[in-house]
2 protein chains.
Amino acid sequence: MAETRQWRLASRPTGEPTLDNFELVTVDRPEPGQGEVLVRTLYQSVDPYMRGRMRDAESYAEPWDVGDPMQAAIVGEVLESNHDRFDSGDVVTGDLLWAEHAVADGDELRPVDPDRGPVSTALGVLGMPGVTGYFGMLDVADPSPGDTVVVSAAAGAVGSVAGQLARLSGARVVGTAGSDDKIDWLTDDLGFDDAINYKEVDDLGQAMAEACPDGVDAYFDNVGGPITDAVWRLLNVDARVAVCGQISTYNATDVPTGPRKLAKLIETRAHVEGFLVGDYDDRWDVALDRLSTFIADDDLRYRHHVVDGFENAPDAFLGLFEGENIGKQLVQVAELDA
Amino acid sequence: MAETRQWRLASRPTGEPTLDNFELVTVDRPEPGQGEVLVRTLYQSVDPYMRGRMRDAESYAEPWDVGDPMQAAIVGEVLESNHDRFDSGDVVTGDLLWAEHAVADGDELRPVDPDRGPVSTALGVLGMPGVTGYFGMLDVADPSPGDTVVVSAAAGAVGSVAGQLARLSGARVVGTAGSDDKIDWLTDDLGFDDAINYKEVDDLGQAMAEACPDGVDAYFDNVGGPITDAVWRLLNVDARVAVCGQISTYNATDVPTGPRKLAKLIETRAHVEGFLVGDYDDRWDVALDRLSTFIADDDLRYRHHVVDGFENAPDAFLGLFEGENIGKQLVQVAELDA
């Protein structure tokens, strides 16, 4: 019988995850039942939110069980289909497993058109991260022409889309990122008006104030922590804060503390709102259509940081917390038509 | 020439204000110019937000200058009027001074009808605090029948109105307060479903969880600090947080710190919004009409904590931070028709 490999959760991390928390196992390749499809993984996504699923605590995503395979968004090729929407050779995307092969209910898969561009975009700019940036920026942060908009983790998969959409809305866009390469990409390629390398500045508050001389009208928050503290001090009246992620706190073992900031909301009558892309399922295709058009018009650019080889998936995940990726962090598991 | 007394800001407080920050001075009684009215103060309000005006920092209310008289909402009797809307003997309310007599632009005063109830209500349930509770609860916290709503500083002038309005909206209402007398008032007289004496409980988080077994759908936040931390942990999906005040932090000399809580907003997609009653000027009369009706129907109750004598105004203000008041904290400066 054919075999496949899976990454399983070996143990729950305390603080920063390590390779010891992951176990690579070889298992029999599953067979698709009625309505199911066997998929060969081409690309696997690793995302910051997965850190929450390694924890044994209720949150918006179910925790993984120790010893079980972990879930991931993947792009793959259909090897066998018992579902009338899909044939062998089709490229699909969906939430499957950290695995070289997996079986999925065909109703839970979306087709990917390889003629539309690299199929890996279905995990990035034309997938969950891009759609997250789209609704978080346009529905929650809601920039207007002339606004100053700050995006944290702006060189990541979500932030790079969010920031460019703010620019397309006519706002002045300021990003934060953690390397000079990322800063260059934001300002030189993506059209950010300014960008701050938070690892290099002496005084983050001062740097943010200098980058936002008219204050901040909208903030797309991917990171939390001191960057968020610096932005909140500059919020203008009626500012909007879209809380998308708080990666700076995900590996904390104690409850992280910081300045109490809520009084700022009274002065500014600011709105702070958390959001999840899952709440926008019914408008997902609208977002994909618009994002595709922006890409075709070269109004929206993206980058992928591809880690090669399924065996390196945990490294790719851990790299998210080191900020190694520019753009979407992906694992290439196999090649199409290989 | 007739004289009057004023309280002036003698110095800016560091941390908790003290009596040394106030200076009582005797000055010539001012004379009303064209369109102006001379008012004899009957009641003066003291409010937590005044702490911000003692500080030399921009906020939503202008800082007071050292050496200048301080502003306050008052109810008073017209002694002389050069404004065609007012005659001697009329009762009015407006933002005047910490003073026994003051002159105001008649356009800035509102008439108070003594037949409608105690004139002091114009500083409480039928004044800024009541209207604050009205819009903060009904527009921002927006309770629905069956919701669990928490109000902090629930026995204060704002919180007591906010909580009762939540109850009238069909919500289950839980309040926090700092004495057993206040707890009794909330549960026995105002119809709160539960109330927590935060000074007496061993574990605030546990007490809040027990009082809110179905989580928290809306939170009217007057205090910030650990009470707010306890409530945020219980926020439900789509919860609303109305940030009205943060009195627990107003006297802090260092930036107060606390647990970073923003990740909770992602999980819950909660909205957090600061508000100021000044943004509702055009709907003020609507609120007063509805609040008056609720009072007439005995659906809304209030209490005043009256400190007697103008010379005790600073003590009355300092008492706010000790939590001495049940209901609206007022200073009686003179008697009507005295």
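None of the values given here were measured: they were computed from a predicted structure.

Parameters at a glance
- Residue indices begin from 1 for each chain and proceed along its sequence in written order.
- Chains carry letters and ligands carry numbers; both start at the beginning, A for chains and 1 for ligands, and go up in the order they are written.
- Given that this is a predicted model, residues contribute local features only at a pLDDT of at least 70 and side-chain atom pairs are listed and counted only at 80 or more, while totals for whole chains, interfaces and linings are drawn from all residues.
- The basis for every side-chain value is the complete set of heavy atoms in the structure, and neither hydrogens nor water enter the calculation.
- Each helix is a run of H or I in the DSSP string that is no shorter than four residues. Each strand is a run of E no shorter than two, and both are numbered from the N terminus.
- Partly exposed describes any residue whose relative accessible area lies between the buried limit of under 20% and the exposed limit of over 50%, with all areas from a 1.4 Å probe on protein chains only and scaled to the type maximum.
- Contacts are residue-level and defined by heavy atoms, with any inter-residue pair within 4.5 Å sufficient.
- Neither His nor the chain termini are counted; the positive set is Lys and Arg, and the negative set is Asp and Glu.
- In plain terms, the charge of a residue is placed at NZ if it is Lys, CZ if Arg, CG if Asp and CD if Glu.
- Note on definitions: buried area is the accessible-area loss of two parts on being combined, 1.4 Å probe, summed for both.
- Take a side-chain nitrogen of Lys or Arg and a carboxyl oxygen of Asp or Glu: if they are within 4 Å of each other, that pair is a salt bridge.
- Definition used in this section: a nonpolar core is a set of buried Ala, Val, Leu, Ile, Met, Phe, Trp, Tyr and Cys residues joined via side-chain atoms within 4.5 Å.
- A least-squares superposition brings the copies together, and it is based on the C-alpha atoms of residues with pLDDT no lower than 70 in both.
- UniProt positions are given in the numbering used here, feature names are shortened, and annotations may be inferred rather than shown by experiment.
- For the purposes of this description, domain bounds are those given by an automatic or database domain assignment.
- In this count, Pro and Cys sit with the nonpolar residues alongside Ala, Val, Leu, Ile, Met, Phe, Trp and Tyr, while Asp, Glu, Lys and Arg are called charged and the others, Gly among them, polar.
- Working definition: rings of Phe, Tyr and Trp (its six-membered ring) pair if their centres are within 6.5 Å, and the pair is stacked with planes under 30 degrees apart, edge-to-face with planes over 60 apart, and tilted otherwise.
- Lysine and arginine charges are scored as sitting over a ring when NZ or CZ, respectively, is within 6 Å of the ring centre and within 35 degrees of the ring normal.
- Think of it this way: DSSP has to see at least two bridges between two strands before they count as a pair.
- For helices, the fitted line uses only the C-alpha atoms of the stretch in contact; every axis is such a line through C-alpha atoms, and the angle between N-to-C directions lies from 0 to 180 degrees.
- What a helix is expected to span follows from its residue count: subtract one and scale by 1.5 Å.
- Oblique is the label for every angle not falling under 35 degrees (roughly parallel), over 145 degrees (roughly antiparallel), or within 65 to 115 degrees (roughly perpendicular).
- If you view the pair so one helix is near and one far, a crossing is left-handed when the near helix is turned anticlockwise from the far one by less than a right angle, and right-handed when it is turned clockwise.

### What about the overall build of chain A?
Helix and strand counts for chain A stand at nine helices and 16 strands. With the C-alpha coordinates of chain A rotated into their principal frame, the extents come out at 65 × 45 × 35 Å. With 338 residues in all, chain A has 57% of them scored as buried. Residue pairs in contact within chain A that sit at least 24 positions apart in sequence constitute 68% of those at least 6 positions apart. Side-chain charges of chain A comprise 26 positive and 62 negative groups, with the mean position of each set lying 5 Å from the other.

### Structural notes on the interface of chain A and chain B
Contact residues are listed per partner, giving 36 residues for chain A and 36 residues for chain B. Counting the surface lost from both chain A and chain B, the interface buries some 2,900 Å², and carbon and sulfur atoms represent 60% of this. Summed over the three residues of chain A that lose the most area to chain B, namely Arg260(A), Leu262(A) and Ile266(A), the buried surface amounts to 29% of that side. The interface formed by chain A and chain B contains four salt bridges.

### Quick look at the nonpolar core
Formed by 94 residues in total, the largest nonpolar core has its most connected members in Trp98(A), Phe317(A), Trp98(B) and Phe317(B). When sequence neighbours within four positions are dropped, the list of residues in contact with Phe317(A) reads Pro17(A), Phe22(A), Val46(A), Asp47(A), Met50(A), Arg51(A), Met54(A) and Trp98(A).

### As for the relation of the copies chain A and chain B
In the superposition of chain A on chain B (RMSD 0.0 Å, axial shift 0.0 Å), the rotation amounts to 180°. The transformation relating the two chain copies, once decomposed into turn and shift, fits a two-fold axis. Distance from the rotation axis, computed per C-alpha, reaches its smallest value in chain A at Val272(A): 2.5 Å. When the interface residues of chain A are mapped onto chain B, 100% of them again lie at the interface, so the same face is used by both copies.

### Describing the UniProt feature "domain: Enoyl reductase (ER)" (unreviewed entry) in chain A
Taking the numbering used here, the UniProt-annotated feature "domain: Enoyl reductase (ER)" (unreviewed entry) corresponds to residues 17-331 of chain A. With 27% helix and 28% strand, residues 17-331 of chain A has its two end C-alpha atoms placed 18 Å apart.

### A closer look at the domain arrangement of chain A
Residue and element names in this part refer to chain A. The domain architecture assigned to chain A consists of domain 1 (3-124 + 304-332) and domain 2 (128-278). Across the contact, 22 residues belong to domain 1 and 15 residues belong to domain 2. Both faces combined, the contact of domain 1 with domain 2 buries some 1,400 Å², and carbon together with sulfur accounts for 62% of it. Across the side of domain 1 that touches domain 2, the residue classes break down as nine nonpolar, six polar and seven charged.

### Some words on the packing of aromatic side chains
All names here are of chain A. For the structure shown, the criterion picks out 18 aromatic pairs over all chains. Geometrically, the ring pair formed by Trp7 and Phe22 is edge-to-face, given 6.5 Å between the ring centres and 90° between the ring planes. Pair noted here: Trp7 is in strand S1 (residues 3-9) and Phe22 is in strand S2 (residues 22-28), with a separation of 15 residues, a long-range link. We classify Trp7 as buried; its relative accessible area is 9%. Ring centres of Phe22 and Phe317 lie 6.1 Å apart, and the angle between their planes is 70°; this geometry places the pair in the edge-to-face category. In this pair, Phe22 is assigned in strand S2 and Phe317 in helix H9 (residues 313-322), connecting sequence segments 295 residues apart. Like Phe22, the residue Phe317 is buried in the burial classification. Each residue in the set Trp7, Phe22, Trp98, Phe310, Phe317 and Phe321 is aromatic and connected to the rest through ring pairs, giving one cluster. Across the ring face of Trp232, the terminal group of Lys261 is positioned such that the distance to the ring centre comes to 5.4 Å.

### Details of the pattern of salt bridges
Scanning the model with the defined rule gives 24 salt bridges over all chains in all. A salt bridge links Asp229(B) to Arg260(A), with the shortest nitrogen-to-oxygen separation between them at 2.6 Å. One end of the pair, Asp229(B), is in helix H6 (residues 225-232); the other, Arg260(A), is in the loop between strand S13 (257-259) and helix H7 (263-268), on a second chain. With its nearest N and O atoms 2.6 Å apart, the salt bridge here joins Glu77(B) to Arg40(B). With Glu77(B) in strand S4 (residues 71-81) and Arg40(B) in strand S3 (residues 36-45), this residue pair connects regions lying 37 residues apart in the sequence. Given a relative accessible area of 13%, Glu77(B) falls into the buried group. Overlapping salt bridges bring together Arg5(A), Glu100(A) and Glu311(A) as one network.

### Observations concerning the sheet that holds strand S11 (residues 216-221) of chain B
Two orientations exist for strands paired in a sheet by backbone hydrogen bonds: parallel and antiparallel. What the twelve strands build is an open sheet, ordered S10(A)-S9(A)-S8(A)-S11(A)-S12(A)-S14(A)-S14(B)-S12(B)-S11(B)-S8(B)-S9(B)-S10(B); its pairing is mixed. Whereas interior strands pair on both sides, the edge strands pair on one side only; in this sheet they are strand S10 (194-197) of chain A together with strand S10 (194-197) of chain B. Taking each pair of neighbouring strands and ignoring which way they run, the sheet shows an average axis angle of 15°. Pairing geometry for strand S11 (residues 216-221) of chain A and strand S12 (residues 235-243) of chain A, over five bridges, is parallel. By the bridge assignment for S12(A), Phe220(A) is matched with Ala242(A). The sheet strands contacting helix H5 (residues 204-211) of chain A are strand S8 (148-151), strand S9 (172-177) and S10 of chain A, and the helix crosses S10(A) at an angle near 175°.

### Regarding helix H3 (residues 157-168) of chain B
All names here are of chain B. The end-to-end C-alpha distance of H3 is 17 Å, a good match for the 16 Å that twelve residues give at a rise of 1.5 Å each. Summarising burial for H3: ten of the twelve residues are buried, a large majority. Among the residues trailing H3, Gly170 stands out with phi positive, at a value near 90°.

### Observations regarding the packing of helix H5 (residues 204-211) of chain B against H6(B)
When two helices pack together, their arrangement is given by the angle between their axes and by how far apart the axes lie. Residues and elements named next belong to chain B. Closest axis-to-axis distance for the H5/H6 pair is 9 Å, and the angle between their directions is 45°. The orientation of H5 with respect to H6, classified from their angle, is oblique. For the pair H5 and H6, the crossing hand works out as right-handed. Residues Leu204, Gly205 and Met208 of H5 touch H6, and the partners they reach there are Pro226, Ile227, Ala230 and Val231. Partitioning the contact of H5 with H6 into residue classes produces six nonpolar, one polar and no charged.

### Comments concerning the packing of helix H2 (residues 128-141) of chain B against H3(B)
All names here are of chain B. Where H2 contacts H3, the axes come no closer than 8 Å and their chain directions differ by 40°. By the angle class used here, H2 and H3 are oblique. Handedness of the H2/H3 crossing: right-handed. Contact residues: Pro129, Gly130, Thr132, Gly133, Tyr134, Met137 and Leu138 in H2; Ala157, Val158, Val161, Ala162, Gly163, Leu165 and Ala166 in H3.

### Considerations on the side chain of Gln44(A)
Along the chain, Gln44(A) falls in strand S3 (residues 36-45). In contact with Gln44(A), not counting residues within four places along its chain, are Ala72(A), Ala73(A), Ile74(A), Trp98(A), Ala99(A), Leu123(A), Phe310(A), Ala313(A), Leu330(A), Val331(A) and Val333(A).

### Regarding helix H9 (residues 313-322) of chain B
Residues and elements named next belong to chain B. Here H9 lies mainly inside the structure; eight of its ten residues are buried. Those residues of H9 lying buried are Ala313, Pro314, Ala316, Phe317, Leu318, Gly319, Leu320 and Phe321. Positive backbone phi, at 70°, marks Gly323, one or two positions downstream of H9.

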